[in-house]
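Breakdown of the fold
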Amino acid sequence: MARNREPSCRQCRREGMKLFLKGDRCYADKCAFERRAYGPGQHGQRRKRKLSDYGTQLREKQRAKQMYGILEKQFRTYFHMADRMKGITGENLILFLERRLDNMVYRMGFARSRSEARQLVKHNHFLVNGKKANIPSMLLRQGDAVVLRDGSRKVQYIVESLEAVERRGVPEWLMLEKDKFQAKVMAYPTRDQLGIPIQEQLIVELYSK
């Protein structure tokens, strides 16, 4: 399956913001973006050139894709789905990205990053509403319950992630029962609740050309 193999910290430095791709390391002093907050490569410290409107829109799309770990074809599919829905297209797009199973596993605290959550999902560690779920792009709905399988409850990095969940916090639209290794989607989040540093209107403008 195609995926972005570029080093995670390099992606953050190129976008000029933390994308939180490496879990706990992004919160530590070792974070590469904190230590070298300039672009990667030989000419990364040169003064930044002013981007055109198209360049600004393109960079915003790239940030969103890299943050959620999605390639172009699937991202464009989400945009077309969002465009056909009622409401604001940009907010619909962000909601589709947030509803992905791998993102929800990360938000619920079972994984330290979205890439780790995606791997856990593909390795059959979770049940959704009592059924096996190993497709990272599966879209969860309000009321869906995600449960860690019995045989996975002693996996070290899952346990460590749950122990650190207080520091990262669990969004208010999710309910985590840590002692039962399960979580539930209580509601769909509003745009204000998400707080992600993405200007989705720029993405809409790019795809609408």
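In this report, we go over the structure that sits alongside the text.

Conventions we followed
- Residues numbered from 1 in each chain as written.
- Predicted model: local features only at pLDDT ≥ 70, side-chain atom pairs only at ≥ 80, totals over all residues.
- Heavy atoms only, no water.
- Helix = DSSP H or I, 4+ residues; strand = E, 2+ residues; numbered from the N terminus.
- Buried < 20%, exposed > 50% of the residue type's maximum accessible area, 1.4 Å probe, protein only.
- Contact = heavy atoms within 4.5 Å.
- Areas by Shrake-Rupley, 256 points an atom, 1.4 Å probe, with all protein chains shown as cover.
- Phe/Tyr/Trp six-rings, centres within 6.5 Å; stacked < 30°, edge-to-face > 60°.
- Lys NZ or Arg CZ within 6 Å of the ring centre and 35° of its normal.
- Pairing = 2+ DSSP bridges.
- Axes fitted to C-alpha atoms, helices over the stretch in contact; angles between N-to-C directions.
- Parallel < 35°, antiparallel > 145°, perpendicular 65-115°, else oblique.
- Nonpolar A, V, L, I, M, F, W, Y, C, P; charged D, E, K, R; others polar.

1. Thoughts on the overall build of the protein
- When helices and strands are tallied, the protein shows 11 helices and 5 strands.
- A burial count over the protein gives 45% of its 209 residues as buried.
- Pairs at least 24 residues apart make up 57% of the contacts formed inside the protein by residues separated by at least 6 positions.
- About 12,200 Å² of surface is accessible on the protein, with carbon and sulfur atoms providing 47% of the total.

2. Considering the packing of aromatic side chains
- Taken as a whole, this structure holds 4 aromatic pairs when the rule is applied.
- Seen from their ring centres, Phe79 and Tyr207 are 4.8 Å apart, and the 35° between their planes marks the pair as tilted. Highlighted residues: Phe79 in helix 4 (residues 72-84) and Tyr207 in helix 11 (residues 200-207), separated in sequence by 128 residues.
- On the basis of relative accessibility, which here comes to 3%, the residue Phe79 falls in the buried class.
- When its relative accessible area of 13% is taken as the criterion, Tyr207 is described as buried.
- Three or more aromatic residues link up through ring pairs in this structure, and these residues are Phe75, Phe79 and Tyr207.
- The lysine or arginine in question, Arg114, covers the ring of Tyr68, its NZ or CZ lying 4.6 Å from the ring centre.

3. Details of the environment of Asp179
- Looking at where Asp179 falls in the secondary structure, it is placed in the loop between strand 4 (174-177) and strand 5 (182-185).
- For Asp179, a relative accessible area of 65% corresponds to the exposed category.
- The spatial distance from the C-alpha of Asp179 to the C-alpha of Leu162 is 9.7 Å, given a sequence separation of 17 residues.

4. Topic: the pairing of strand 3 (residues 145-148)
- Bridge count between strand 1 (residues 126-128) and strand 3: 3 bridges; the pairing is antiparallel. The partner of Phe126 across the bridge, within strand 3, is Leu148.
- Pairing analysis gives 3 bridges linking strand 3 to strand 5, with the strands arranged antiparallel. Its bridge partner lying in strand 5, Val147 is registered against Gln182.

5. Points about the packing of helix 5 (residues 89-99) against helix 11
- One way to put it is that helix 5 packs onto helix 11 with a least axis distance of 8 Å and a crossing angle of 105°. As summarised for this structure, helix 5 and helix 11 are arranged roughly perpendicular, according to the angle between their axes. Along the contact surface, helix 5 presents Thr89, Gly90, Glu91, Leu93 and Ile94, while helix 11 presents Glu200, Ile203 and Val204.
- Looking at the contact of helix 5 with helix 11, its residues break down into 4 nonpolar, 2 polar and 2 charged.

The analysis is restricted to geometry; functional conclusions fall outside its scope.
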